[in-house]
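Spelled out, the chains give:
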Amino acid sequence: MFFRASTVAVLAAFASSVLAAPAPSKVEKRQGEVVGLGQEPSPTYTGRAYGNLELIASLLTAPLQLDRVALLRDEDFVFDFRNPPGNIQVATGNAGRVVVANRKTFPALIGTGSGMAMGFLGPCGFNTPHTHPRATELNVPVVGSLNTTMILENGVRLVNNIVGTFQLVPFPQGAIHQEFNPDCGETIFVAAFNNEDFGTSQTADNFFRLANDVVAASVGGNIVIDGRDVDQFRDMIPRNVAIGVEECLAKCGLAKR
Ligand SMILES: *[C@@H]1O[C@H](CO)[C@@H](O)[C@H](O)[C@H]1NC(C)=O
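Model, not experiment: these values are computed from the prediction.

Let's talk about the site of the ligand
So, step 1. Near the ligand the following residues occur: Asn147, Asn160, Ile162, Phe180, Val245 and Glu247.
So, step 2. The contact in question runs from a nitrogen atom of the ligand to an N or O atom on the side chain of Asn160, over 2.7 Å.
So, step 3. For the ligand, the protein covers 51% of the area, taking 360 Å² as the surface of the free molecule.
So, step 4. Taken together, the residues of the shell around the ligand break down into 3 nonpolar, 2 polar and 1 charged.

In structure tokens:
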């Protein structure tokens, strides 16, 4: 068995976020449930276009914007982040969820070169480290704040900020970044993308999908945490949105198993 202190620290952070679970008493609302903000959903929104592959195919082959508009109804131009009609492109973990409007969930985006996501993070909710392979993200918390970190590429320093309500943080295309709600209330963020199919790649999840000996060679030795090896460890990586860092859990009185 061989491992480096830094590797263990990173893995321990993942492991503790897996093992942590919110104390029910402190979290009244179902985690990830969306605040009402006093607004009713658009009465015309039907969700007809959501994931409608036949319609999407027609839109993708329509030669002009005017042809695309002819294929869409007025209500198809509205997307409801609070109540999407299905679960495609919705990441749901134990501390919140991220809902994605891209050209599949919201076909009216076809031809716009744009996409959007909204994150609804419970106390300490953690949008785990990830990259967007085809877009830069512009992220604005509209309720609460985010502790954000990004690493743009090899040799570039880690950039860490608290981003407050109505402040903007950009995550350039391909940068590894993470956000977590450092507070005990809810955080809601809006993230705009310059691609209709911006895509998301969860860094730890995908790294640990590599072959065991490849993972071991990449980290300078076998990984053994609490007697668990890579095979077992892989299954411990939390689903996004995960429950966050220890400091926040302690502050908010959320239980860590
Ligand atoms: C963000 O959270 C990390 C982990 O708890 C902490 O070390 C860091 O200081 C926080 N960043 C800011 C700017 O407060």
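Topic: unusual backbone geometry
Note: most residues except glycine have negative phi, and most peptide bonds are trans.
So, step 1. Of note in this structure, Cys124 is not a glycine but carries a positive phi near 65°.
So, step 2. With respect to the helices, strands and loops of the structure, Cys124 is situated in the loop between β3 (115–121) and β4 (125–131).
So, step 3. Judged by its relative accessible area of 0%, Cys124 is buried.
So, step 4. Even without being a glycine, Phe166 presents a positive backbone phi close to 65°.
So, step 5. For Phe166, a relative accessible area of 64% translates into the label exposed.

Points about the side chain of Asn181
So, step 1. Turning to its location among the elements, Asn181 is positioned in the loop between β9 (176–180) and β10 (187–193).
So, step 2. With a relative accessible area of 1%, Asn181 lands in the buried category.
So, step 3. Polar side-chain contacts of Asn181 include one of 2.9 Å to the backbone nitrogen of Asp183.
So, step 4. Here Asn181 is in contact with Leu121, Gly122, Pro123, Cys124, Gly125, Ser145, Leu146, Glu186, Thr187 and Cys248, once residues within four sequence places are set aside.

Considering the state of the cysteines
Put plainly, a disulfide is one covalent bond tying together the sulfur atoms of two cysteines.
So, step 1. One pass over the structure, following the stated rule, counts 2 disulfides.
So, step 2. Note on cysteine connectivity: Cys124 is disulfide-linked to Cys248, with sulfurs 2.2 Å apart. Disulfide Cys124 to Cys248: torsion about the S-S bond roughly -90°, handedness left-handed. Taken together, the residues span a long stretch of sequence, with Cys124 in the loop between β3 and β4 and Cys248 in helix α7 (residues 246–252) at a distance of 124 residues.
So, step 3. In this structure Cys248 comes out as buried when scored by relative accessible area, which is 4%.
So, step 4. Taken N- to C-terminal, the disulfide-bonded cysteines of the protein chain are connected 1-3, 2-4.

Comments concerning the packing of aromatic side chains
So, step 1. Under the counting rule described, the total for this entry stands at 5 aromatic pairs.
So, step 2. Pairing Phe79 with Phe81 gives two aromatic rings, centres 4.8 Å apart and planes at 75°, and the pair type is edge-to-face.
So, step 3. Judged by relative accessible area, which is 12%, Phe79 ranks as buried.
So, step 4. Through pairs of rings, three or more aromatic residues link up here, namely Phe79, Phe81 and Phe106.

Thoughts on helix α2 (residues 53–61)
So, step 1. Here α2 has its buried residues at Leu55, Ile56 and Leu59. Across the axial projection of α2, the buried residues extend over an arc of 100°, all falling on one side. Looking at α2, the residues exposed on the side facing more than 90 degrees away from the buried face are Leu53, Glu54 and Thr61.

About the cut-offs
- Residues numbered from 1 in each chain as written.
- Predicted model: local features only at pLDDT ≥ 70, side-chain atom pairs only at ≥ 80, totals over all residues.
- Heavy atoms only, no water.
- Near = heavy atom within 4 Å.
- Polar contact = N/O pair within 3.5 Å; in protein donor to acceptor, adjacent residues only side chain to side chain.
- Areas by Shrake-Rupley, 256 points an atom, 1.4 Å probe, with all protein chains shown as cover.
- Nonpolar A, V, L, I, M, F, W, Y, C, P; charged D, E, K, R; others polar.
- Helix = DSSP H or I, 4+ residues; strand = E, 2+ residues; numbered from the N terminus.
- Buried < 20%, exposed > 50% of the residue type's maximum accessible area, 1.4 Å probe, protein only.
- Contact = heavy atoms within 4.5 Å.
- Disulfide = S-S within 2.5 Å.
- Phe/Tyr/Trp six-rings, centres within 6.5 Å; stacked < 30°, edge-to-face > 60°.
- Arc of directions from axis to C-beta.

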